[in-house]
Amino acid sequence: MKNKRINGNDLIALGYKENHAMGVALKINKKRLGLTKEEMLQKFKDVLETPESFLVDSTFEPLANVLLNIEKIDDELITLNDKPNEYTVYGAENIEEGAKDQMNVAMTLPVTVAGALMPDAHQGYGLPIGGVLATKNAIIPYGVGVDIGCRMALSVFDLPATYLDLEHHKLKKILIDNTKFGAGHSFLKHERSDHAVLDNSLFETNAFIRELKDKAWTQLGTSGGGNHFVEFGVMEFKEKDEVLNIEKGSYLALLTHSGSRGMGATIADHYTKLAKELCKLPFKAQNLAYLDLDSEAGHEYWLAMNLAGDYASACHEMIHVKIKSALGAELLAKVENHHNFAWKEQFNGEEVIVHRKGATPASKDVMGIIPGSMATPGFLVRGKGEETSINSASHGAGRLMSRTKAIKSLSKSDLSSLLADNGVTLIGAGMDEAPMAYKDIHTVMAAQKDLVDIVATFLPKIVRMADDGSRED
DNA sequence: ATGTAC
């Protein structure tokens with residue numbers, strides 16, 4: 001099938017280069033101008049040949065302007081290093097080239113100190129998902145990602161795993177009654193709860209952040225969409241864990257995956273745009289625009305990011321508190337970790353900013369959670385403090401196919417059989433979240449044996465995710 | 001990821 005939309009390769013074929021002119025051209029290309037692909041190609045060809053005759057054209061003037069000034073624009077860009085710093089790729093054989101290409105660009109930034117690519121990596125905006133990047137006093141909004149503070153939280157209860165069979169109906173109802181899914185969805189006034197995070201003084205950082213408070217309140221304790229979930233499952237400890245003080249055995253556990261909802265997304269969008277204005281990088285690196293931590297914008301982003309992280313944590317806490325109370329159970333252990341965030345850490349004797357965009361912190365003895373998919377195990381892990389991975393591990397299995405490909409190619413009956421075979425009850429979710437759309441978690445875990453030890457496994461049994469494209473509550 | 005946007 002012929003692609004009807006012009007892409008970067010079409011522009012290269014016309015003689016465009018991978019620079020800011022192409023960026024502007026692609027932006028114009030997104031507008032619906034009522035022209036056929038052929039007519040658009042001709043326009044782009046004409047503008048490239050005689051930009052001066054388009055300086056009064058309402059649509060193509062910005063492109064003409066960039067083309068006429070491209071040398072000056074290029075001169076004023078921040079220079080990337082010629083060669084990327086070396087970095088380690090874990091599970092390289094199962095990582096798409098696009099993710100490695102993006103990491104290579106990140107490793108040429110003048111602020112980059114070190115990097116690593118986790119075995120679940122795939123292409124994202126700017127830094128790939130599964131990318132870890134240590135920088136010197138600089139923060140990259142797209143190095144954290146759109147869902148700031150996206151994280152995992154695990155509660156292990158003092159109930160045996162058999163509770164899942166015995167009280168299946170009750171548990172399913174608890175999930176439905178105490179969770180809220182879907183992009184844009186929030187709690188009604190009478191459903192809302194308060195949490196100390198709403199009194200966090202970071203909301204007073206500036207007017208922009210202050211205005212996010214109302215939305216944050218309405219969405220507190222909600223889960224959102226995409227790959228986010230709230231699920232009950234079997235937590236299996238094959239031997240006693242001394243640190244958690246949990247005896248060998250199988251327990252009922254609650255696992256949640258979600259982030260900072262609309263609030264974090266708004267912060268990410270705002271500061272990414274600001275970074276792009278303040279930090280002019282060559283075209284291929286523009287989504288890696290960074291802010292100096294000592295600058296006003298950099299400092300503000302750092303505070304806003306930390307607030308979004310606290311907020312995401314509060315959202316998980318609300319869910320776990322409500323569900324624990326509905327269960328009437330006691331907590332044996334609670335483990336949680338961000339996997340989209342940036343931290344100030346020591347690396348090779350100096351303080352660096354470690355961006356983990358879809359990566360689990362794995363410093364020595366630090367516990368983390370690496371989920372599989374809705375029908376494959378997740379893992380409670382303990383970091384080994386491997387410097388080569390910048391004290392990090394994967395944040396999951398990683399996508400094998402894109403959402404669109406999964407929806408097009410995977411069969412619903414195959415998913416049903418897989419769920420049935422594994423004794424999993426699924427509430428909501430689209431085919432893009434089917435386990436077949438993900439890499440094999442065991443291969444991913446094998447690729448990071450040097451990074452984490454497995455403490456216990458989590459088998460999902462009752463899984464709730466956002467409804468498939470529906471707006472229903 | 002988010003209920004958005006040249």
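Above this text you will find the structure in question.
The structure displayed is predicted, hence computed values, not measured ones. Every chain is numbered on its own, with residues counted from 1 as its sequence reads. To read the labels, note that chains go from A and ligands from 1, taken in the order they are written. Where totals are concerned, whole chains, interfaces and linings use all residues; where local detail is concerned, this predicted model gives features only for residues with pLDDT of at least 70, and gives and counts side-chain atom pairs only at 80 or more. Based on all heavy atoms of the structure, the side-chain values leave hydrogens and waters out of the count.

(A) Focus on the overall build of chain A. Runs of H or I in DSSP of at least four residues are treated as helices and runs of E of at least two as strands, each being numbered from the N terminus. Across its full length, chain A carries 16 helices and 17 strands. A globule of 473 residues ought to have a C-alpha radius of gyration of about 23 Å, and chain A, at 24 Å, matches this closely. Buried residues are those whose accessible area, probed at 1.4 Å on protein chains only, stays under 20% of the maximum for their type, while exposed residues exceed 50% and partly exposed ones sit between those limits. Considering chain A as a whole, with its 473 residues, one finds that 54% of them fall into the buried category. Within chain A, contacts between residues separated by at least 24 positions form 75% of all contacts whose residues are at least 6 apart in sequence. Accessible surface computed for chain A: about 21,500 Å², of which carbon and sulfur atoms make up 49%. Radius of gyration here uses only the C-alpha atoms, and the compact-globule reference equals 2.2 Å multiplied by the residue count raised to the power 0.38. Any pair of residues with heavy atoms lying within 4.5 Å of one another is described as a contacting pair. Each accessible area is a Shrake-Rupley result for a 1.4 Å probe, and residues are judged covered by the shown protein chains and nothing else.

(B) Expanded view of the pairing of strand β5 (residues 151–160). The element β5 is extensively covered by neighbouring structure, given that eight of its 10 residues are classed as buried. Judged from the seven bridges that link them, β5 and strand β7 (residues 249–258) form a sheet pairing that is antiparallel. Across the sheet, residue Val156 finds its bridge partner in β7, namely Ala253. Pairing between two strands requires that DSSP report at least two bridges joining them.

(C) Local environment of the protein's contact with DNA strand B. Nearness is defined per residue: one heavy atom within 4 Å of the molecule or strand is enough. DNA strand B sits among 16 residues. The nearest are Val146, Ala183, Gly225, Asn227 and Arg261. Backbone sugar and phosphate groups make up 61% of those atoms of DNA strand B lying within 4 Å of the protein. Nitrogen and oxygen atoms within 3.5 Å of one another constitute a polar contact, given that in protein one can donate a hydrogen and the other can accept it, and given that sequence-neighbouring residues count only through two side-chain atoms. Within the contact set of DNA strand B, a phosphate oxygen lies 3.0 Å away from a backbone nitrogen or oxygen of Gly184. Within the backbone of Asn227, an N or O atom sits 2.3 Å from a phosphate oxygen of DNA strand B. Sorting the residues of the surface near DNA strand B by element identifies α11 (213–219) and α12 (261–278) as the ones contributing at least two each. Per element, the largest residue contribution to the surface near DNA strand B is three residues, and it comes from α12. Gly is put with the polar residues, along with every residue not named as nonpolar or charged; the nonpolar set is Ala, Val, Leu, Ile, Met, Phe, Trp, Tyr, Cys and Pro, and the charged set is Asp, Glu, Lys and Arg. Residues of the surface near DNA strand B, tallied by class, amount to three nonpolar, eight polar and five charged.

(D) Summary view of the side chain of Arg356. When you line up the elements, Arg356 lands in strand β11 (residues 350–357). At 2.7 Å, the side chain of Arg356 and the side chain of Ser392 are in polar contact.

(E) Seen up close, the packing of aromatic side chains. For Phe, Tyr and Trp, rings pair up if their centres lie within 6.5 Å, where Trp contributes its six-membered ring, and each pair is then called stacked (planes under 30 degrees apart), edge-to-face (over 60) or tilted (otherwise). Going through the model one piece at a time under the given rule, you end up with eight aromatic pairs. Ring centres of Tyr16 and Phe44 lie 6.3 Å apart, and the angle between their planes is 90°; this geometry places the pair in the edge-to-face category. Within this pair, whereas Tyr16 is found in the loop between α1 (8–14) and α2 (20–30), its partner Phe44 is found in helix α3 (residues 37–49), the two being separated by 28 residues in sequence. Comparing Tyr16 with Phe44 shows no difference in burial state: the two are buried. On the numbers, 5.3 Å between centres and 70° between planes, the contact of Phe341 with Trp343 is edge-to-face. Judged by relative accessible area, which is 4%, Phe341 ranks as buried. Within the aromatic cluster, the residues linked to one another by ring pairs are Tyr16, Phe44, Phe54 and Phe60. Remark: a charge is flagged as sitting over a ring if the NZ atom of Lys or the CZ atom of Arg is within 6 Å of the ring centre and within 35 degrees of the ring normal. The ring centre of Trp217 lies 4.7 Å from the NZ or CZ of Arg192, which sits over that ring. In this arrangement the basic side chain of Arg356 is found over the ring face of Trp343, its NZ or CZ atom lying 4.9 Å from the centre.

(F) Region of interest: the packing of α3 against helix α4 (residues 61–68). Put simply, α3 and α4 touch, their axes get as near as 9 Å, and they point 40° apart. Along this stretch, α3 crosses α4, giving a crossing that reads as right-handed. Contacts between α3 and α4 involve Phe44, Val47 and Leu48 from the first element and Leu63, Ala64 and Leu67 from the second. Class assignment for the residues of the contact of α3 with α4 results in six nonpolar, no polar and no charged. A fitted line through C-alpha atoms represents every axis, and for helices the fit uses only the stretch in contact; the resulting angles, taken between N-to-C directions, go from 0 to 180 degrees. In this scheme the handedness of a crossing depends on how the near helix is turned from the far one: anticlockwise by less than a right angle means left-handed, clockwise means right-handed.

Everything listed here is a matter of coordinates, which is why it stays silent on function.
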